[in-house]
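# Coordinate analysis (summary)
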Amino acid sequence: MNQDPIKLNNLYTSEYAQQCDAQDSLAPFRERFHIPKDDEGEELVYFCGNSLGLQPKITAQYISEELDDWATLGVEGHTEAKHPWMPYHEFLTENMAKLVGAKPSEVVVMNGLTANLHLMMVSFYQPTPERYKIIIEKDAFPSDKYAVESQLKFHGFDPNDGLILWSPPHGEEICRMEELEKIMNEHGNEVALIMIGTTNYYSGQHFPMKQIVDLGHHHGSLVGFDLAHGVGNIQPDLHKVGADFAVWCTYKYLNSGPGSLGGCFVHERHANKPELNRFAGWWGHNKKTRFNMRHEFDVLPGAEGWQLSNPPILSMAAIRASLDIFNDAGFEKLREKSIKLTGYLEKLVNQLDNERINIITPTNPNERGCQLSIQVKDADKSLHSQLTDAGVISDWREPDVIRVAPVPLYNSFMDVYKFVKRLEKVLNT
Ligand SMILES: *Cc1c(COP(=O)(O)O)cnc(C)c1O
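## Quick word on the packing of aromatic side chains
Overall, the coordinates contain 14 aromatic pairs when judged by the stated rule. Each ring, one from Trp282 and one from Trp283, has its centre 4.8 Å from the other, and the planes form 65 degrees; the classification is edge-to-face. Take Trp283: its relative accessible area is 3%, and that puts it in the buried class. Look at Trp283 and Phe291: their rings are 6.2 Å apart centre to centre, the planes differ by 85 degrees, and that puts the pair in the edge-to-face class. You can call Phe291 partly exposed: its relative accessible area is 41%. Taken together, the ring pairs in this structure connect Tyr16, Tyr344 and Phe413 into an aromatic cluster. The ring of Phe141 has Lys252 sitting right over it, with the charged end atom 4.9 Å from the ring centre. Cation over ring: Arg290 sits above Trp283, and NZ or CZ is 4.0 Å from the ring centre.

## Examining the domain arrangement of the protein
Domains assigned within the protein are domain 1 (5–32 + 330–427) and domain 2 (63–326). Distance between the C-alpha centres of domain 1 and domain 2: 30 Å. On the side of domain 2, 20 residues touch domain 1, which itself brings 26 residues to the contact. Both faces combined, the contact of domain 1 with domain 2 buries some 1800 Å², and carbon together with sulfur accounts for 58% of it. The largest share of the area that domain 1 buries against domain 2 comes from Phe331, Ile360 and Leu409, three residues that together contribute 29% of it. Run the count over domain 1 and domain 2 and you get zero salt bridges. On inspection of domain 1 and its partner domain 2, the count reaches eight residue pairs in polar contact (both at pLDDT 80 or more). Every element with two or more residues in the side of domain 1 that touches domain 2 is listed here: helix H12 (331–350), strand S10 (372–376) and strand S13 (401–404). Broken down by element, the side of domain 1 that touches domain 2 gets its largest block of residues, three residues, from H12.

## Digging into the sheet that holds strand S3 (residues 133–137)
Strand order in this open sheet of seven strands is S2-S8-S7-S6-S5-S3-S4, and the pairing throughout is mixed. For this open sheet the edge positions go to strand S2 (107–110) and strand S4 (163–166), each flanked by a neighbour on one side alone. Within this sheet the neighbouring strands show an average axis-to-axis angle of 20 degrees, counted without direction. Of the pairings in the sheet, the one linking S3 to strand S5 (residues 191–197) comprises three bridges and is parallel in character. Directly across from Lys133, in S5, lies its bridge partner Val191. Against the sheet, helix H4 (residues 90–100) engages S2 and strand S7 (245–249), with an angle of about 115 degrees to S2. The sheet strands contacting helix H5 (residues 113–124) are S2, S5, strand S6 (222–226), S7 and strand S8 (262–266), and the helix crosses S7 at an angle near 170 degrees.

## Comments concerning unusual backbone geometry
A negative phi angle characterises most non-glycine residues, just as the trans form characterises most peptide bonds. Here the bond from Thr198 into Thr199 is cis, since omega is 5 degrees, no more than 30 degrees from zero. For Thr199, the location among the structural elements is in the loop between S5 and helix H9 (209–218). For the bond running from Glu398 to Pro399, omega is 0 degrees, close enough to zero to count as cis. Looking at the element boundaries, Pro399 is found in the loop between strand S12 (395–397) and S13. Notably, Asp237 is not glycine yet its phi reads approximately 45 degrees, a positive angle. Following the sequence through the fold, Asp237 ends up in the loop between S6 and helix H10 (238–241). Residues other than glycine seldom take positive phi values, yet Asp378 does so here, at roughly 60 degrees. As for its placement among the helices and strands, Asp378 is situated in the loop between S10 and helix H13 (381–389).

Conventions adopted
- Numbering of residues starts from 1 in each chain and follows the order in which that chain's sequence is written.
- Only residues with pLDDT of 70 or above have their local features reported here, since the model is predicted, and side-chain atom pairs are shown and tallied only from 80 upward, although totals for entire chains, interfaces and linings are computed over all residues.
- Only hydrogens and water are removed before side-chain values are computed, so all heavy atoms of the structure are retained for them.
- Pairing of aromatic rings covers Phe, Tyr and Trp, the last counted by its six-membered ring, and requires centre-to-centre distances within 6.5 Å; plane angles under 30 degrees mean stacked, over 60 mean edge-to-face, and any other angle means tilted.
- Summary of the burial criterion: residues with accessible area below 20% of their type's maximum are buried, those above 50% are exposed, and those between are partly exposed, where the area comes from a 1.4 Å probe applied to protein chains only.
- Lysine NZ or arginine CZ positioned within 6 Å of the ring centre and within 35 degrees of the ring normal marks a charge as sitting over the ring.
- Segment limits for the domains were obtained from an automatic or database-derived domain assignment.
- Any pair of residues with heavy atoms lying within 4.5 Å of one another is described as a contacting pair.
- Defined here as a combined quantity, buried area equals the accessible surface (1.4 Å probe) lost by two parts on assembly, summed across both.
- Within this document, salt bridges are pairs made up of a side-chain nitrogen of Lys or Arg and a carboxyl oxygen of Asp or Glu, the two lying within 4 Å of each other.
- Two N or O atoms form a polar contact when they lie within 3.5 Å of each other; inside protein one atom must be a possible hydrogen donor and the other a possible acceptor, and for residues adjacent in sequence the pair counts only when both atoms belong to side chains.
- Secondary structure elements follow DSSP: runs of H or I no shorter than four residues count as helices, runs of E no shorter than two count as strands, and numbering proceeds from the N terminus.
- We treat two strands as partners when DSSP finds at least two bridges between them.
- Angles run from 0 to 180 degrees between N-to-C directions of axes, and those axes are lines fitted to C-alpha atoms, restricted for helices to the stretch in contact.

Put into C-alpha cells, the structure is as follows:
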C-alpha cells in the first residue's frame, strides 16, 4: 500500500502496471463505462477513444429521461420537461466552457463540427483582394482542408494560390514554429486566417496555441482552432490564449455518441459586432422575442448568436451525461493521469527494441495529448488486423502508422501493458 510505483524495480512487468492502477485515484471511473468485449467476454484493449469515445453507463438514463418527457408531455416538454428543451443547450454551457478554458458566454453546443467551421469562416474569413490567404497545417484532417478550400473558392480564390500549408521540415513529421514564422514573415500581410487542428489527428502533435495566436495577430490575421482531438484531451485555455474562434466535436474524447453535436467558441472580443457577416437562424435570435415570429433578426450576444436551429435534445442529453462525468473527475486530475499513462506507453514501446518502430508524436508532454502515433516500417494494414485479432482496438492510417490513445477516464495501466505485449507478439510473427 502507498508504495511509490517508481520503487518497483521493473516497469516491464504486469505487477508494475497493476500497482499503478491500484494507486490511481481515477481508476474507478472505468466502471462507469461500457468496455467492449471479445467473443469470450474478455474486455478488449480499447485505444480508439480519439475516434469514438466509449459509452458512459449513465447515458442511457439521461436519454431515456427525455424520451419519457416527450412521451408524457409532447410539445409541452419545451417548457415543462425536467430539463426544459427550449433552453437545453444552456445546461451544457458551463461544463463545456470549463473544458475549453472559456467564459460561458463564449461557448455554445450546436450542429456538427464541419458545419460550425463553415459558420465560423463566414464570420471570420472575410477576405479582401490583398489579404485572402488561409494557413492550415500540412496533415490537416481532410474535412478541414475541404472546408477551407471550398471557402476560398466561394470567395473566388484559387486554393492553389490561397491555401498555404504549414509543413514539417523535409523528412520530419512534426511542424515547427520557425517554419510558421517564416511563412508569416513572407506572406503575413496576405494571410486572412490561420486555422490549425490541434491536437493533430495524425501525428498527435499539440501545437503552441498562444504562440500561434500572437504570431497571427501580430501580422493582422485572425486565428481559429479545430479542437476535435484537443477537447477532453488537453486544456486549450481558449480565452487566455486569445483565439478568435474554435470548433470541436463531442464524439471523440467527450464520449457523447456517434455523430453527436459539435461545440463552438467565439472570443468575447467578437461578442457584439453587428458588422460581422453571419449566417443566421431563429435560435440565434433574442430569446425573449423568438416566438413572436414577426421580429427582425435580433442577434443574441456571444457564441449563442451563431445558433441556427433548435437542437436535437437526445444528442444533447448524451453530452450532458458525459460532461457530468468530466466534472466529477476534474480535468486537471485527468490530464495528470494522462501524462503518466502515455508516458508509460511510450517507455514500454521504446523498450521493444524493434528497429521497425518509431513514435512520431513529440516526446514532450506539453506538445502532445494522450495519443501516440507509432510508425512501423514496411508494415501494411495486415499488422492492424493482427492487432485487432489479438484484442486491441486501434486505428490505422496509411501508409504505416498505428494511432493509439490511452484515455485517462477509462483506460488503465494494465491496458497499456497488454497492448505493448500484444504489439510485440504481432511484430515478431
Ligand atoms: C474528427 C474530425 C473531424 C470530423 O468532422 P465532423 O464534421 O464531425 O464529421 C473534422 N476535423 C477534425 C480535425 C477531426 O479530428
